[in-house]
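Reading the structure
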Amino acid sequence: MAARNPGTGLELGWISKVHVNQPAVLRHAERIRTRRTVKSNWQAAWLLKAVTCMDLTTLSGDDTPSNVHRMCYKAKHPIREDLLKAMDMHDKGITVAAVCVYPTRVTDAVNALKAAGCNIPVASVAAGFPSGQMPLQTRLDEIKLAVGYGAREIDIVINRALVLTGQWEDLYEEIRQCHEACGDAHMKTILSTGELGSLANVYKASMVAMMAGSDFIKTSTGKEVENATLPVGVIMMRAIRDFYWQTGNKVGFKPAGGIRTAKEAITWLMLVKEELGVEWLKPELFRLGASSLLEDIEKQIFHHVTGNYPVYHDLPMA
């Protein structure tokens with residue numbers, strides 16, 4: 001992770017002046033979406049970059065120690081070894097950036113990664129995920145439990161009602177207390193952008209979250225009807241850029257929810273490069289939240305190496 005964001009005081013004057021030109025944002029996002037993608041070796045390189053920025057995730061009600069262990073093994077070996085050797089990338093230490101689980105599965109993940117001999121951090125959702133509707137003290141206790149279990153990153157979720165009713169001081173204070181409860185763990189703040197009502201609210205919530213000390217801002221829980229979209233990504237990245245210009249503090253960005261194909265992953269990487277620059281294209285400042293994305297990326301790598309798409313048994317760990 002990059003250096004922690006110490007946050008700033010809440011500047012309501014900045015928040016009150018926000019105006020979003022929505023048609024311009026939508027046009028810009030559409031231009032990014034329809035841009036011709038990279039091909040051949042360049043595509044393979046971008047896909048391997050996407051893998052190294054991925055939070056491999058399982059957030060299901062039927063999670064068990066065994067499927068968490070399996071995911072952790074895949075986190076260490078995200079692409080089949082022979083495919084990496086064919087690209088001369090087998091000795092580059094390519095792993096995912098983190099694994100993300102519920103608090104009750106953190107210990108399982110920590111133990112599995114330790115047994116595998118790797119230092120991939122464990123991230124845990126907390127603070128009333130996915131609704132954010134629990135009492136604040138309960139959310140803070142959940143964060144502290146996850147950290148105590150060994151989570152090095154905490155993905156909190158905000159109370160969307162505070163955004164929809166314009167209670168920016170209360171939102172700032174809740175996120176600030178969550179940041180304090182995280183201790184040394186880095187905090188990613190999930191805004192649940194599909195439930196915030198407008199792009200202007202997305203920008204305001206992004207800015208308040210960063211002022212309160214968020215190390216990352218994240219689009220979605222993956223449980224909403226509308227998850228990560230390119231227009232929302234543009235707005236959140238512009239907020240990150242504005243915050244950096246004003247404070248000198250770099251905050252990371254994580255799109256999550258609904259990103260399932262290699263092409264979509266490359267589009268997000270290209271958007272980050274265009275909006276924030278290449279210095280953000282590293283796991284310290286950019287993450288892709290994914291549960292099924294890795295499968296498609298490995299299929300595309302398989303096709304790049306062999307010229308054929310895999311059948312089911314070719315990628316049994318996908």
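Just so it is clear, the structure is predicted and the values come from calculations on it, not from any experiment.

**Some points on the overall build of the protein chain**
Tallying secondary structure elements over the protein chain gives 13 helices and eight strands in all. Taken over the C-alpha trace, the protein chain has a radius of gyration of 19 Å; the compact-globule value for 318 residues is 20 Å, and the two agree within 12%. Each principal axis of the C-alpha atoms in the protein chain carries an extent, and together these give about 55 × 45 × 35 Å. In the protein chain, buried positions account for 53% of the 318 residues. Considering only residue pairs separated by 6 or more positions, the protein chain has 79% of its internal contacts joining residues 24 or more positions apart. Carbon and sulfur atoms make up 51% of the accessible area of the protein chain, which amounts to about 13,700 Å² in all. Taking the average place of the 36 positive charges on the side chains of the protein chain and the average place of its 34 negative ones, the gap between the two points comes to 5 Å.

**Details of the packing of aromatic side chains**
For the structure on display, the rule yields four aromatic pairs. A ring pair is formed by Phe 253 and Trp 268, whose centres lie 5.9 Å apart and whose planes are at 40°; its orientation type is tilted. Remark: Trp 268 occurs in helix α12 (residues 262-275) and Phe 253 occurs in strand β7 (residues 252-254); sequence separation between them is 15 residues. Residue Phe 253 shares its accessibility class with Trp 268, and that shared class is buried. An aromatic cluster of three or more residues is present, and its members are Phe 253, Trp 268 and Phe 286. Above the ring of Trp 280, the side-chain terminus of Lys 250 is found at 5.6 Å from the ring centroid.

What counts as what
Residues numbered from 1 in each chain as written. Predicted model: local features only at pLDDT ≥ 70, side-chain atom pairs only at ≥ 80, totals over all residues. Heavy atoms only, no water. Helix = DSSP H or I, 4+ residues; strand = E, 2+ residues; numbered from the N terminus. Rg over C-alpha atoms; globule rule 2.2 N^0.38 Å. Buried < 20%, exposed > 50% of the residue type's maximum accessible area, 1.4 Å probe, protein only. Contact = heavy atoms within 4.5 Å. Areas by Shrake-Rupley, 256 points an atom, 1.4 Å probe, with all protein chains shown as cover. Lys, Arg positive; Asp, Glu negative; His and termini not counted. Charge placed at Lys NZ, Arg CZ, Asp CG, Glu CD. Phe/Tyr/Trp six-rings, centres within 6.5 Å; stacked < 30°, edge-to-face > 60°. Lys NZ or Arg CZ within 6 Å of the ring centre and 35° of its normal.

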